[in-house]
Amino acid sequence: MDKISVENIVKSTGGKLIKGSKDAFVTGVKHDSRLCGAGDMFVAVKGESRDGHMYIRQVLDAGCSTVMVSHTDGWYEEVKDRDCNIIMTDDTIRAMGRLAAYYLDTLDVVRIAVTGSVGKTSTRDMIYYALSERYSCGRNMKNYNNAIGLPLSVFTFDSSMDAVVLEMGMEKKGEIDRLAGIVKPDIAVITNIGVSHIENLGSREGIFRAKMEAGRHITSRGARRGTLIFPYDGEFLTRENTAGDYCQVMIGEDGRSDYIISDVDDMGLDGIKFTVECDGVSHRISIPVPGTHNAVNASLAIAVGRSMGLSYEEIERGLSRVVLTGSRLKYLRDGRIRVIDDTYNASPESMKSAMKVLEKSACDGKRVAVLGDIFELGDRSARQHYEVGLFARGLRIDRLAAVGRNARHIAEGAEGGDVQVLYYSSKDELLDDIDSVAGHGDLVLVKGSRGMKMEEIVEKLVAK
């Protein structure tokens, strides 16, 4: 991070310096008191169960000299005689967002924003690796894509960078508007419109409108006109529905698209190969990331790379090095059992895609899918879970173990086919019966929503 003066922090956030010097500087911004040190500004966030203001003395002891706060209750008397800078704001999370927008404006970087129902992080990572073949790039830390995580990620960027790729997540209407207002992207990418968070947004139409909030903030700078890149779905993501004061680049499987995908070769855990055609010229692309759905994600990255002047050769070199963030189709092997760890999160679409990877992967024993509850599906939950099971019934999978209250519908949908179906009402029940789920030589996919903590099943399997 380049240094920022306390004076500019106060001005950009609309805050007030209640103690200290406006001429002081910070060289880092943190909201985790355990990570704070010299040069950092600690942002005290008051949450539902924990108030970050209670850790202000601790961060000052660690060498931090600047804090951003929203109240003085219960801590100020302890530190009022310390040599430090205290910035008072109405809301520290919103103030952090305003500061991130200001700081990003000080950097001469191309800004790429990525949102969508599924595939955001994978697409972000692919764009990052592709662009890194030529440019110095930044991206979100880990899965930091919300009103706290995105600004914190921005504060890790500096003036040595040429481009930054920022993933924007959401749970309800208005969140993409807020995050895109911070980023003000040169290029916005929408990966798809699915059913994730439909409980909060009511319908896929509502999800589409929420994702399109990003379009309001696409920015043209100098000779570079703002651009929206998206995959054609024939329903929501079309040229007509996404039109705005920016260029449109469409990915698809027919002649209406700017980048046409064809001949996808699924090699299971070994990755995929596919052909992408643009302006009548075809290129065969190979990536080490499993799942046919990743042909779309990679094509979105190709479109971003080409819009920034990269050759197909540079882009493919970058994509060949992709390592996806978190537990996304991560392959684990202990010599006895093999596990596809896809426990980061789940939606009906991503669960079906992961099962297709399982089906296509080489296996000496049984192919086993361990599937947990998918959250935030609202009144569509039972049907969506049932359709996941129905999808599994048509695949070359030997055993399906469903775990969780809603996952019983997955089990019901899978019944009646060739797949052996097991159902467990709780994770503990499944863990106690782990030997019935998988054994020597089996290949096991484990997937469920983040709140299910399905990684505990992965740990038990690998430890067998």
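Cut-offs applied
- Sequence order as written defines residue numbering, which begins from 1 separately in each chain.
- Given that the model is predicted, a residue must reach a pLDDT of at least 70 before its local features are reported, and side-chain atom pairs must reach 80 or more before they are shown or counted; all residues, however, enter totals for whole chains, interfaces and linings.
- Remark: hydrogens and water are excluded; side-chain values derive from all non-hydrogen atoms of the structure.
- What counts as a helix is a DSSP run of H or I of at least four residues, what counts as a strand is a run of E of at least two, and both are numbered from the N terminus.
- By definition, residues are in contact when any of their heavy atoms lie within 4.5 Å.
- In short, Shrake-Rupley with a 1.4 Å probe defines the accessible areas, and a residue's cover is counted only from the protein chains shown.
- None of His or the chain ends enter the tally, which takes Lys and Arg as positive and Asp and Glu as negative.
- Charge placement uses NZ in Lys and CZ in Arg. For Asp and Glu, CG and CD serve respectively.
- Put plainly, a pocket is an open set of points on a 1 Å grid over the protein atoms alone with protein on both sides within 12 Å along at least five of seven lines, a cavity is a set where a 1.4 Å probe fits but cannot get out, and a lining residue has an atom within 4 Å of a point.
- Grid points are joined across faces, edges and corners, and a volume is the space filled by probe spheres set on the points.
- Under this grouping Gly is polar, as are all residues other than the nonpolar Ala, Val, Leu, Ile, Met, Phe, Trp, Tyr, Cys and Pro and the charged Asp, Glu, Lys and Arg.
- Salt bridge criterion: a side-chain nitrogen from Lys or Arg within 4 Å of a carboxyl oxygen from Asp or Glu.
- For every residue, the accessible area obtained with a 1.4 Å probe (protein chains only) is divided by the maximum for its type, and the residue is called buried under 20%, exposed over 50%, and partly exposed between those limits.
- Every angle, taken between N-to-C directions, lies between 0 and 180 degrees, and every axis is a line fitted to C-alpha atoms, over only the stretch in contact when it is a helix.
- The scheme is simple: roughly parallel for angles under 35 degrees, roughly antiparallel for over 145, roughly perpendicular for 65 to 115, oblique for anything else.
- Definitions for this section: a left-handed crossing has its near helix turned counterclockwise from the far helix by less than a right angle. A right-handed crossing has that turn clockwise.
- When DSSP locates at least two bridges between a pair of strands, those strands are taken to pair.
- Working note: the arc is built from the helix axis to C-beta atom directions.

Caption draft 1: Looking closely at the overall build of the protein. Per the secondary structure count, the protein includes 17 helices and 22 strands. Oriented by its inertia axes, the alpha-carbon framework of the protein measures out at about 70 × 55 × 40 Å. Across the protein, the fraction of contacts at a sequence separation of at least 24, relative to all contacts at a separation of at least 6, is 62%. Total accessible area computed for the protein in this model is approximately 19200 Å², and 44% of it derives from carbon and sulfur atoms. Counting 61 positive and 68 negative side-chain charges, the protein places the centres of these two groups 1 Å from one another.

Caption draft 2: Looking closely at the layout of surface pockets. What the second largest pocket holds in volume is close to 410 Å³. Taken together, 15 residues line the second largest pocket, and the ones lying closest to its centre are H31, D32, V45, R50 and G52. Partitioning the lining of the second largest pocket into residue classes produces 6 nonpolar, 4 polar and 5 charged.

Caption draft 3: Here's a closer look at the pattern of salt bridges. Counting across every chain of the model gives 28 salt bridges. R111 is paired through a salt bridge with D105; the nearest N and O atoms lie 2.8 Å apart. Residue classification places D105 among the partly exposed residues on the basis of a relative accessible area of 45%. For the salt bridge of E455 with R450, the shortest nitrogen-to-oxygen distance reads 2.6 Å. Where salt bridges share partners, they join R124, D125, R139 and E167 into one cluster.

Caption draft 4: Spatial organisation of the packing of helix α12 (residues 348-360) against helix α13 (residues 381-393). Where α12 meets α13, the closest approach of the two axes is 10 Å, and the angle between their N-to-C directions is 15 degrees. Between α12 and α13, the angle falls in the class roughly parallel. α12 and α13 meet at a crossing whose hand is right-handed. Note on element contacts: α13 touches α12 through Q384, E387, V388, F391 and A392, opposite P348, M351, K352, M355 and K356. Split by residue class, the contact of α12 with α13 holds 6 nonpolar, 1 polar and 3 charged.

Caption draft 5: Structural context of the sheet that holds strand β13 (residues 247-252). Taken together, the 9 strands give an open sheet; going across it, the order is β9-β10-β8-β11-β12-β13-β14-β15-β16, and neighbouring strands pair in mixed fashion. In this open sheet, the two edge strands, each paired with only one partner strand, are β9 (137-139) and β16 (281-287). Within the sheet, the average angular offset between the axes of one strand and its neighbour, ignoring direction, is 20 degrees. Summarising the sheet, β9 and strand β10 (residues 163-167) pair through 3 bridges and their orientation is parallel.

Caption draft 6: View of the environment of V281. Position of V281 among the secondary structure elements: in strand β16. Under the relative-accessibility criterion, V281 is labelled partly exposed at 45%. It is 10.0 Å that separates the C-alpha atoms of V281 and Y259, two residues lying 22 residues apart in sequence.

Caption draft 7: The arrangement of the packing of helix α4 (residues 92-105) against helix α7 (residues 175-183) in detail. Between α4 and α7, whose axes approach to 7 Å, the crossing angle comes to 35 degrees. Two secondary-structure elements touch here, α4 through I93, R94, G97, A100, A101 and L104 and α7 through R178, I182 and V183. Taken together, the residues that form the contact of α4 with α7 break down as 6 nonpolar, 1 polar and 2 charged.

Caption draft 8: Representation of unusual backbone geometry in the model. At K142, a position not held by glycine, the phi torsion is positive, near 45 degrees. With respect to the element layout, K142 can be found in the loop between β9 and α6 (149-154). Note on K142: relative accessible area 57%, which makes it exposed. Positive phi values are uncommon outside glycine, yet D279 reaches one of about 55 degrees. With respect to the secondary-structure elements, D279 resides in the loop between β15 (272-278) and β16. On the basis of relative accessibility, which here comes to 74%, the residue D279 falls in the exposed class.

Caption draft 9: Focus on helix α11 (residues 312-319). Looking at α11, one finds that the buried residues are Y312, E314, I315, G318 and L319. Angular distribution of buried residues about the axis of α11 spans 160 degrees; they occupy a single face of the element. Of the surrounding secondary structure, the elements contacted by the buried residues of α11 are α5 (120-131), β14 (259-266), β15, β16 and α10 (294-307).

Caption draft 10: Spatial organisation of the sheet that holds strand β5 (residues 40-43). Taken together, the 5 strands give an open sheet; going across it, the order is β2-β7-β6-β5-β4, and neighbouring strands pair in mixed fashion. Each edge of the sheet is formed by a strand with only one pairing partner; in this case those strands are β2 (16-19) and β4 (28-30). Going from strand to strand, the sheet's axes swing by 25 degrees on average, the running direction of each strand aside. Here strand β6 (residues 66-69) runs beside strand β7 (residues 85-88); their pairing, made up of 4 bridges, is parallel. Within β7, the position partnered with V69 by the bridge is M88. Strand contacts of helix α1 (residues 6-13): β2, β5, β6 and β7, with the helix running at about 10 degrees to β7, the strand carrying the most contacts. Where α4 meets the sheet, it contacts β4, β5 and β6, and its direction lies at approximately 120 degrees from that of β6.

Caption draft 11: Region of the structure containing the environment of L358. Looking at the element boundaries, L358 is found in helix α12. With relative accessibility at 0%, the residue L358 sits in the buried group. In this structure the C-alpha to C-alpha distance between L358 and L329, which are 29 residues apart in sequence, comes to 9.7 Å. Setting aside residues no more than four positions away along its own chain, L358 makes contact with I340, R367, V368, A369, I397, L443 and L445.

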